[in-house]
Amino acid sequence: MGKRATREALGDEVLKLGEENKDIYVIDCDVSKSCKTLEFAKRFPDQHINVGISEQNAVGMAAGLATTGKIPFVVTYAIFGSMRAVEQIRQEVCYPNQNVKILCSHGGLTPANDGASHQCIEDMGILRTIPGMNVIMPADYTSARKLIRAASVYQGPVYLRFTRDGIPDIYEDEDHFEIGKAKCLQDGNDISIMANGDTLFIAIEAAKILAEEGISVRLYDFHTIKPLDVEAVKEAVKETGKIITVEDHNILNGLGSAVCEVVAELGQGIVRRVGVQDRFGESAPYEALLEMNGITKENICKIARELLK
């Protein structure tokens with residue numbers, strides 16, 4: 001099984017969209033090499049703007065372009081796109097409901113050795129609290145390309161989060177993705193596992209181990225955190241009763257929190273959250289950072305067994 005960073009998909013799909021639609025603009029924050037938009041800049045200089053290390057200006061410029069019918073893609077790192085520019089995203093993009101796409105690489109713990117200053121474990125939580133914003137994290141290269149394309153025709157603000165490091169390929173070209181609709185990868189009766197982004201493969205591996213133990217797992221890719229697929233959560237609660245969420249994000253206000261909100265209002269079911277344990281990252285290999293936070297197939301299996309006792 002191959003490994004590719006989803007930021008590679010960012011570069012490839014945005015380039016393809018630029019070929020097809022002259023209204024697609026890329027606004028770079030001086031990270032075109034690492035976010036893979038260099039080829040777009042070379043091929044379509046009239047559709048590319050590099051504002052330098054100036055994320056707030058990038059978002060403001062994107063909002064302005066959107067008012068003229070353009071489809072701007074702001075490209076930067078998750079830590080900067082979700083925090084440094086959050087006021088502009090709120091005031092100039094979400095409040096007037098402008099058709100701006102925020103594409104951020106280096107999400108979660110995948111920046112690894114770059115340390116806590118470049119890792120971003122809070123972004124999806126921050127952005128999902130803003131009215132009108134849609135929040136997405138694809139699980140592999142193929143789904144990233146398809147969800148970027150879906151975002152390009154979606155009317156309204158969208159935040160897409162990508163990985164710095166390579167993650168395993170999961171999907172085939174014929175797989176279909178819809179914003180706001182979770183993808184059920186396998187059916188099961190005993191327990192549901194809901195994951196997204198780089199943790200989906202870990203959840204898949206855990207489901208295989210549990211299957212060998214006779215545990216029937218229903219497995220979902222919740223690539224869209226907002227709008228959350230509420231019906232899928234309700235279905236999982238009613239048919240399995242027990243849910244484990246898995247994410248490369250703080251367990252506060254990410255996928256786990258979103259699922260817990262639905263379950264609490266439903267008044268039945270139980271949820272256990274696997275994710276970053278409300279702590280900053282460190283400079284360490286990616287796998288070590290996951291292990292520090294219990295984001296492992298072993299821990300998922302342990303929690304599943306405990307829930308099913």
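Report follows, based on the coordinates.

The rules behind each value
- Residues numbered from 1 in each chain as written.
- Predicted model: local features only at pLDDT ≥ 70, side-chain atom pairs only at ≥ 80, totals over all residues.
- Heavy atoms only, no water.
- Helix = DSSP H or I, 4+ residues; strand = E, 2+ residues; numbered from the N terminus.
- Rg over C-alpha atoms; globule rule 2.2 N^0.38 Å.
- Areas by Shrake-Rupley, 256 points an atom, 1.4 Å probe, with all protein chains shown as cover.
- Lys, Arg positive; Asp, Glu negative; His and termini not counted.
- Charge placed at Lys NZ, Arg CZ, Asp CG, Glu CD.
- Contact = heavy atoms within 4.5 Å.
- Buried < 20%, exposed > 50% of the residue type's maximum accessible area, 1.4 Å probe, protein only.
- Pairing = 2+ DSSP bridges.
- Phe/Tyr/Trp six-rings, centres within 6.5 Å; stacked < 30°, edge-to-face > 60°.
- Lys NZ or Arg CZ within 6 Å of the ring centre and 35° of its normal.
- Expected span 1.5 Å × (residues − 1).

Moving on to the overall build of the protein chain. Across its full length, the protein chain carries 12 helices and 14 strands. In summary, the protein chain has a C-alpha radius of gyration of 19 Å against a globular reference of 19 Å for 309 residues, a match within 12%. Here the C-alpha coordinates of the protein chain stretch approximately 60 × 35 × 35 Å along the principal axes. For the protein chain, the accessible area works out to roughly 12300 Å², and carbon and sulfur atoms hold 47% of it. Treating the 34 positive side-chain charges of the protein chain as one cloud and the 45 negative ones as another, the clouds have centres 1 Å apart.

Here we come to the environment of Asp173. Residue placement: Asp173 occurs in the loop between strand 8 (167-168) and strand 9 (183-186). Put simply, Asp173 and Lys242 are 69 residues apart on the chain and 32 Å apart in space, counted from C-alpha to C-alpha. When residues no more than four places from it in sequence are discounted, the contact partners of Asp173 are Thr142 and Lys146.

For strand 10 (residues 191-195), a buried count of 5 out of 5 residues is recorded, marking the element as mostly surrounded by other parts of the structure. Note: strand 10 against strand 11 (residues 217-221), 5 bridges, orientation parallel. Bridge assignment links Met194 to a residue of strand 11, and that residue is Tyr220.

What follows deals with the packing of aromatic side chains. All told, the structure shown has 4 aromatic pairs when counted by the stated rule. Measuring from centroid to centroid gives 5.9 Å for Tyr77 and Phe80, while their planes differ by 15°, and the two rings are stacked. Phe80 shares its class with Tyr77; the two are buried. Across from the ring centre of Tyr141, 3.8 Å away, lies the NZ or CZ of Arg4, which sits over that ring. In this structure, Lys183 is placed above the aromatic ring of Phe177, and the distance from its NZ or CZ to the ring centre is 5.0 Å.

We now examine helix 10 (residues 255-266). When the terminal C-alpha atoms of helix 10 are compared, their 17 Å separation across 12 residues agrees well with the 16 Å that a helix rising 1.5 Å per residue should span. After helix 10 finishes, the residue Gly267 shows a positive phi value of roughly 80°.

What follows concerns the pairing of strand 5 (residues 101-105). Burial of strand 5 is extensive: 5 of the 5 residues sit out of reach of the surface. Neither face of strand 5 is open: one carries Lys101, Leu103 and Ser105, the other Ile102 and Cys104, and all of them are buried. For strand 4 (residues 71-77) and strand 5, the ladder comprises 5 bridges, and the chain directions are parallel. Paired with Val74 across the two strands is Ile102, which belongs to strand 5.

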